[in-house]
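In case you want the letters, here they are:
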Amino acid sequence: MDDTMDDVTATPQPSRAGGLPYWSPYLAGFGLGLTLLLAFWVLGTGLGASGGIARVGAWAEARLCPAHVAASEYFGEWLTPGSQHVLRYYLVFMGLGVFVGGLISAAAARRIDPGVERGPRISAAGRLGLALFGGVLAGFASRLARGCTSGQALTGTAMLFTGSVVFLVCLFIGAYAAALFVRREWR
Amino acid sequence: MSGTLYSLDLLNSGIGLVLAGLIGVLFGFFLEQAGFGSSRRLTGIFYFQDMAVLKVMFTAVVVALLGLRFLIFFGWLDPRQVLVLDTYWGAQIVGGLIFGVGFVMGGWCPGTAFVGLASAKLDALVFLVGAVLGSIAFNEVFPLLKPLYEGWHVPDLYLYETLHLDAGLLTLLFCVVAVVAFIVSSWLERWFGRQERPDRQTRERNAAAALLLLALALLAMRLPEPSAEAAPVPAEPAVVAALRSVPPSGLLGEVAAEADHIEPQELADLLMAGRPGLQVVDIRPADAYDAFHLPGAVNLPLEALAAESAQRVSRSGQVVLVSNGTTHAAQAWMELRRQGWTNVRVLTDGMLGFWRECLTPPSLSEVPAGPQAAQALSEAFRKRRALFLAGGSPGSGPAAPPRPTAEEAVAVPPAPALAEPGLEKHVVSTAWLAERLTQPGLKLVDVRPKSTDYTTGHLPGALYLNPESLRTTIEGVPAMVVPAVEIAVQLGRLGIGNGDTVILYSDNLRDATLVAMALARVGHGAYAVLHGGIRAWVAEKQPLSKDLPRPAAAVYTPVDGADTFTVGVDGVKAALGDGKTVIVDVRPADYFAGKKSDEARPGHIPGAVNREFTLDLVPGQDLWQAADRLQEAYAKLGVTPDKPVIVHCRTGHQASQTYFLLKHVLGFPDVRWFDASWSAWAARPDLPAETGTP
């Protein structure tokens, strides 16, 4: 396997932050695919991101109203007395790892560039509002679908699970439809 | 091979958290190098200007897809030790659509937002805060969404099964589609994104990589399927062997160490505390279960476990498997884990151990105990005897804790399915059928209304009978089941004789029950509907076939006067005044109330009770609910076995399902079927009708 794409050179692409150019998407995808394989082999679960976020949600909500959350049907199961701390969950740590890995890569390529990324036709406040609302939708939908781009679209598709492929297809349908309405945000 | 952390249940142990974190670091590194720390780059794909998302994702998927096939082929990974993501059609379609909108609006997805945050993007932080809030919002509305979240569920479903393709072929197709998508993407980027064409050297290298990819995919095609389930479940799974490290205990002699075991003492304490969410599944044969079982335990013998666990064991809460010893329980444990249950434990030494350790008087036990310890032990013993054994010794010692009801001690799944009564009662299970598929004299009939459903895949050896071919206009009323002679002609043409055992299945129970009405009309002896229908069959990964059997025609002789159960308009009218007969209208409530109408008049027959036929089924499945629940639900409507009952709907189709339930499953002695139903009644202005809800 390792011989397949190792010799693909980086397509020189300008990085928007003025650091080093990004890798060729095929090379980055190859690395990502190997990481996914490693996750199957070692963890037996593949990759995931939204699961960790949901744990943070359960933890935060339990800080505010513990009795309500303990009695709730969805989060409540993670908070049963005697079970491990709600944040002692492998996807919480994977999320931390993603942050650290991103930080290492961005620092090495001099791409850490504080700011609000947006198209030329939208205010920063407008962009942040849409980011918040988009986050709410994505957080909600990933609970409903039992995973996000990582856990369903990437991991589940690589395993050829029907539901995961359906999720991926619907993700693109939803995104292309909505893209028509938020063009100002980006282009 | 020692197994994945998931299969060893070590994901959330210290080592699991560290390894997950390290894999996360790699994940984040490659995401960042792909440029996914930039939301504009991520969303470029939706305007065809920067197709990096597609290229990176597709590359990662084909690398992992091919890699998995090779890892499994070389025996480095046991596919049964990888988490299975079940298909939930509704939740994943709706979730995907909403997620897509959130992605393009927010500019991030959860994983890339962590990378964006690492690149100091404020919008990534805001997105993550939103995602946390979205998760909380989901928790708040979960009770409302539960039917969608849990409905349309197919466990362990692979795309090649859905598409009826060979797994290797689909893998190859995936790789071909990926290469085509890469070429089209680059073209789109040049057109919409004004990107320059890569230099010749890069193009040649990409082409070489693509060719190598396709060659590997061709090679992978010849490997066995990743979901290979042909391998029998080992009596002692590798995982269990790996964990066989618990030293023998002096008390119990040799303890067979189990992955995820629960000691009898601990289980006894949990049961006595009436802990919610605890489900005890007793996998011993039914007679052993009947003789003695733990309070609230569900009986699911090992043979039935694979087929019925999805219906009878809730996925939430903790499952404890109980057998006589541990070997069978270990098999059951593996089966449930493979089907996606995570919180499963095996009762160490099973019922025998439980009896020995918890229910044997301390004076008979081999444990040496001092006087104080002996006092405590005997008190605990008395309490346990009171709970677990009927006729324990009340009054001795301190008050025994109240015996928990089944509801308290065990989380009962929301709608348990009916335990199949068997051929005599005309309902058989998929497991029953699977054993007898090739038995001579067994005629399997597919009665799905769409013939293309049959031709694209049916149960092996199944004949096809369109249920609509058994209906016609009789005395002006459309969609009546045809007379016995015509039914006999059709059965004969299918090669079915009077002595055959006929098993009917569809993707909706009511089709099978409608054809069952026709069989009853000709006085057929042995027939049954397949509980769960083809959906359950497919979910269990039982084989399908596309062959069209060519039966030799037979002569079918209808039994005269067999139809004593069909009642016409006049019969119903006569029953209206008799003061005993209950009329059950099984149409949806809006039709019953007259808010909606497809017929000459809205409303219902005066005095009728309403119970929509779908309410009898386990939501999202083609299974009846447990008999006691249904009996109770009908009793509440005043529909009890001591009364004559008439069942109808709009055309007789849906009513056939309720008729079948009351007559055969619940055993009501006097049930009649008003085939002409509301269509005929509504068309007669002289007959009374009322609207509204009683």
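Residues numbered from 1 in each chain as written. Chains lettered and ligands numbered in written order. Predicted model: local features only at pLDDT ≥ 70, side-chain atom pairs only at ≥ 80, totals over all residues. Heavy atoms only, no water.

## Observations regarding the overall build of chain B
To keep it simple, the criterion reads: A helix here means a DSSP run of H or I that spans at least four residues, while a strand means a run of E at least two residues long, and both kinds are numbered starting from the N terminus. Here a residue-residue contact requires only that any non-hydrogen atoms of the pair lie within 4.5 Å. Note on areas: Shrake-Rupley with a 1.4 Å probe; residue coverage comes only from the protein chains shown.
A tally of helices and strands in chain B yields 27 helices and 18 strands. For chain B, the share of sequence-separated contacts (at least 6 apart) that also reach a separation of at least 24 residues comes to 72%. Looking at chain B as shown, the accessible area adds up to about 28600 Å², and 60% of this sits on carbon and sulfur atoms.

## Some points on the environment of Gly 667 of chain B
By the secondary structure assignment, Gly 667 of chain B is in the loop between helix H26 (653–665) and strand E18 (671–673). With 26 residues separating them in the primary sequence, Gly 667 of chain B and Pro 641 of chain B have C-alpha atoms 7.7 Å apart.

## Regarding the pattern of salt bridges
A side chain with one charge may pair with a side chain of the opposite charge, provided their charged atoms come close. Put simply, the rule reads: For salt bridges, the criterion is a side-chain nitrogen of Lys or Arg within 4 Å of an Asp or Glu carboxyl oxygen.
This structure, assessed with the given rule, holds 21 salt bridges over all chains. For Asp 78 of chain B, the salt bridge identified is with Arg 80 of chain B, shortest N-O distance 3.4 Å. Of the charged contacts, one joins Asp 686 of chain B and Arg 684 of chain B as a salt bridge, the two residues approaching to 3.2 Å between their closest N and O atoms. Sharing partners across several salt bridges, the network here consists of Arg 127 and Glu 185 of chain A together with Asp 123 of chain B.

## Section: the nonpolar core
Under the convention used in this document: Residue types Ala, Val, Leu, Ile, Met, Phe, Trp, Tyr and Cys, when buried and joined through side-chain atoms within 4.5 Å, form a set referred to as a nonpolar core. A 1.4 Å probe rolled over the protein chains alone gives each residue an accessible area, and that area as a share of the maximum for its type sets the label: buried under 20%, exposed over 50%, partly exposed in between.
Counting 125 residues, the largest nonpolar core has Leu 43 and Leu 154 of chain A together with Phe 46, Phe 99 and Val 104 of chain B as the members making the most contacts within it. Ranked by residues supplied to this core, first place goes to helix H3 (residues 52–73) of chain B with 16 residues. Listed in part, the 53 residues of the second largest apolar core include Val 482, Leu 491, Leu 504 and Val 586 of chain B.

## As for the packing of aromatic side chains
Convention followed: Geometry of aromatic contacts follows a simple scheme: Phe, Tyr and Trp rings, the Trp one being its six-membered ring, pair when their centres are within 6.5 Å, and the pair is stacked under 30 degrees between planes, edge-to-face over 60, tilted otherwise. The criterion for a charge sitting over a ring is simple: Lys NZ or Arg CZ within 6 Å of the ring centre, and within 35 degrees of the ring normal.
Per the counting criterion, the structure on display carries 35 aromatic pairs over all chains. For the pair Phe 74 of chain B and Trp 76 of chain B, a centre-to-centre distance of 5.5 Å together with 35° between the ring planes defines the contact as tilted. For Phe 74 of chain B, a relative accessible area of 47% translates into the label partly exposed. The structure contains a cluster of three or more aromatic residues connected by ring pairs, namely Phe 167, Phe 172 and Tyr 176 of chain A together with Phe 46, Phe 48, Phe 99, Phe 103 and Phe 192 of chain B. Sitting above the plane of the Trp 78 of chain A ring, Arg 55 of chain A keeps its charged end 4.2 Å from the centroid. Lying over the aromatic face of Tyr 149 of chain B, Arg 146 of chain A brings its terminal NZ or CZ to 3.7 Å of the ring centre.

## Side note on the confidence of the model for chain B
Residue and element names in this part refer to chain B. So the rule is basically this: Every residue carries a pLDDT, the predictor's confidence in it, which falls somewhere between 0 and 100.
Per-residue pLDDT for chain B has a mean of 82; in total, 85% of the residues score no lower than 70. Considering only residues more than four positions removed or in separate chains, one finds that residues 225–259, a stretch of pLDDT under 50, has 60 contacts. Reported confidence for the predicted complex is 0.92 by ipTM and 0.51 by pTM.

## What about empty space enclosed by the protein?
To keep it simple, the criterion reads: Think of a 1 Å grid over the protein atoms and nothing else: a 1.4 Å probe that fits but is trapped marks a cavity, an open set flanked by protein within 12 Å on at least five of seven lines marks a pocket, and residues with an atom within 4 Å of a point count as lining. Grid points are joined across faces, edges and corners, and a volume is the space filled by probe spheres set on the points. Three categories are distinguished: nonpolar for Ala, Val, Leu, Ile, Met, Phe, Trp, Tyr, Cys and Pro, charged for Asp, Glu, Lys and Arg, and polar for the others, with Gly belonging to the last.
Per the counting criterion, the structure on display carries 5 cavities of 30 Å³ or more. Quantified by volume, the largest cavity comes out at close to 130 Å³. Together, 15 residues line the largest cavity, and Thr 149 of chain A together with Leu 31, Met 57, Cys 109 and Thr 112 of chain B are the ones closest to its centre. Among the elements of the structure, helix H6 (149–158) of chain A together with helix H1 (14–33), H3 and helix H5 (110–118) of chain B are those that each provide at least two residues to the lining of the largest cavity. Residues belonging to the lining of the largest cavity are distributed by class as follows: 11 nonpolar, 4 polar and no charged.

## Some details on a nonpolar patch on the surface
Note the following rule: Patches in this entry comprise residues that are over 30% relatively accessible and not in a salt bridge; like charges within 9 Å are linked, as are nonpolar side chains (Val, Leu, Ile, Met, Phe, Trp, Tyr) within 5 Å.
On the surface, Leu 38 and Trp 41 of chain A together with Leu 26, Phe 73, Phe 74 and Trp 76 of chain B cluster together into a nonpolar patch covering about 620 Å² of accessible area. Residue Leu 26 of chain B is classed as partly exposed on the basis of its relative accessible area of 34%.

## Considering the sheet that holds strand E15 (residues 582–585) of chain B
Residues and elements named next belong to chain B. The following threshold applies: One bridge is not enough; two strands pair if DSSP finds at least two bridges between them. Lines fitted to C-alpha atoms define the axes here, with helix axes fitted over just the stretch in contact, and angles between the N-to-C directions of these axes take values from 0 to 180 degrees.
Taken in spatial order, the 4 strands line up as E16-E15-E17-E18 in an open sheet, and their pairing is parallel. This sheet does not close on itself; its edge strands, each paired only once, are strand E16 (609–610) and E18. Note: strand E17 (residues 645–648) against E18, 3 bridges, orientation parallel. Bridge pairing in E18 places Val 647 opposite Trp 673. Packed on one face of the sheet, H26 meets E17 and E18 and runs near 165° to E18.

## Let's talk about the interface of chain B and chain A
How we decide: Summed over both partners, the accessible surface that disappears when two parts come together, traced with a 1.4 Å probe, is what is meant by buried area. Here a polar contact means two N or O atoms within 3.5 Å. Within protein one must be a hydrogen donor candidate and the other an acceptor candidate, and residues neighboring in sequence count only if both atoms are side-chain atoms.
The interface of chain B with chain A comprises 138 residues on the first partner and 127 residues on the second. Of the roughly 12100 Å² buried between chain B and chain A, counting both surfaces, carbon and sulfur atoms make up 72%. On the chain B side of the contact with chain A, Arg 40, Tyr 47 and Met 105 of chain B bury the most area, a combined 7% of that side's loss. Where chain B touches chain A, the interface holds 3 salt bridges. In this structure, Glu 32 of chain B and Arg 111 of chain A form a salt bridge, with 2.7 Å as the shortest nitrogen-oxygen distance. The interface formed by chain B and chain A includes 45 residue pairs in polar contact (both at pLDDT 80 or more). With 25 residues, helix H6 (residues 122–150) of chain B is the largest single contributor of residues to the side of chain B that touches chain A.

## What to know about the packing of H6 of chain A against helix H7 (residues 162–179) of chain A
Residue and element names in this part refer to chain A. Using the following cut-off: Here is the rule for angles: anything less than 35 degrees is roughly parallel, anything more than 145 is roughly antiparallel, 65 through 115 is roughly perpendicular, and the remaining ranges are oblique. For a crossing to be left-handed, the near helix must be turned anticlockwise from the far one by less than a right angle; the clockwise case is right-handed.
In the contact formed by H6 and H7, the axes pass within 8 Å of each other and the chain directions differ by 120°. Between H6 and H7, the angle falls in the class oblique. Considering how the two elements wind past one another, H6 and H7 form a crossing that is left-handed. When H6 is examined against H7, the residues Thr 149, Gln 152, Ala 153, Gly 156 and Thr 157 are found in contact with a partner set consisting of Ser 164, Val 165, Phe 167, Leu 168 and Leu 171. For the contact of H6 with H7, the per-class residue count stands at 5 nonpolar, 5 polar and no charged.

## Looking at helix H23 (residues 569–576) of chain B
Residue and element names in this part refer to chain B. Spelled out, the test is: Note that the arc is defined by the directions from the helix axis to the C-beta atoms.
All of the buried residues along H23 are Val 569, Val 572 and Ala 575. Viewed along the axis of H23, the buried residues span an arc of 125°, placing them on a single side of the element. The exposed set on the far side of H23, more than 90 degrees from its buried face, consists of Asp 570 and Ala 574. Buried residues along H23 sit in contact with E15, E17, E18 and helix H27 (677–682).

## A closer look at the pairing of strand E6 (residues 318–322) of chain B
Residues and elements named next belong to chain B. Here E6 lies mainly inside the structure; 5 of its 5 residues are buried. In this sheet, E6 lies alongside strand E4 (residues 278–282) in parallel orientation, the contact comprising 5 bridges. Directly across from Val 281, in E6, lies its bridge partner Leu 321. Summarising the sheet, E6 and strand E7 (residues 344–347) pair through 3 bridges and their orientation is parallel. Paired with Val 319 across the two strands is Val 344, which belongs to E7.

## A closer look at the pairing of strand E13 (residues 501–505) of chain B
Residues and elements named next belong to chain B. Here is the rule we go by: By convention, a crossover is right-handed whenever its connection, traced from the first strand over the helix to the second and viewed with the strands pointing away, goes clockwise.
For E13, a buried count of 5 out of 5 residues is recorded, marking the element as mostly surrounded by other parts of the structure. On E13, burial covers both faces: Thr 501, Ile 503 and Tyr 505 on one face and Val 502 and Leu 504 on the other are all buried. Bridge count for strand E9 (residues 442–446) against E13 is 5 bridges, and the pairing is parallel. Along E13, the bridge assignment pairs Val 445 with Leu 504. In this structure, E13 lies alongside strand E14 (residues 527–530), joined through 3 bridges in parallel fashion. Note on E14: the bridge partner recorded for Val 502 is Tyr 527. Regarding the hand of the β-α-β motif, the stretch spanning E13, helix H21 (residues 509–521) and E14 is right-handed.

## Considerations on the environment of Pro 483 of chain B
Residue and element names in this part refer to chain B. As for its position among the elements, Pro 483 is in the loop between strand E12 (477–481) and helix H20 (484–493). Residue Pro 483 is classed as partly exposed on the basis of its relative accessible area, which comes to 35%. Residues Pro 483 and Ala 518, spaced 35 residues apart in sequence, show a C-alpha to C-alpha distance of 8.5 Å.

## Things to note about the side chain of Thr 155 of chain A
Residues and elements named next belong to chain A. Following the sequence through the fold, Thr 155 ends up in helix H6. Accessibility expressed as a relative area gives 2% for Thr 155, which makes it buried. Not counting chain neighbours up to four residues away, the residues in contact with Thr 155 comprise Leu 36, Phe 40, Thr 45, Gly 46, Leu 47 and Ser 150.

## Details of the sheet that holds E9 of chain B
Remark on secondary structure: sheet strands pair via backbone hydrogen bonds, oriented parallel or antiparallel. All names here are of chain B. What the 5 strands build is an open sheet, ordered E8-E14-E13-E9-E10; its pairing is parallel. Each edge of the sheet is formed by a strand with only one pairing partner; in this case those strands are strand E8 (427–428) and strand E10 (463–464). As paired strands, E8 and E14 are joined by 2 bridges and run parallel to one another. Bridging across to E14, Val 427 finds its partner in Val 529. Contacts from H21 reach E13 and E14 within the one sheet, and its direction differs from that of E14 by about 175°.

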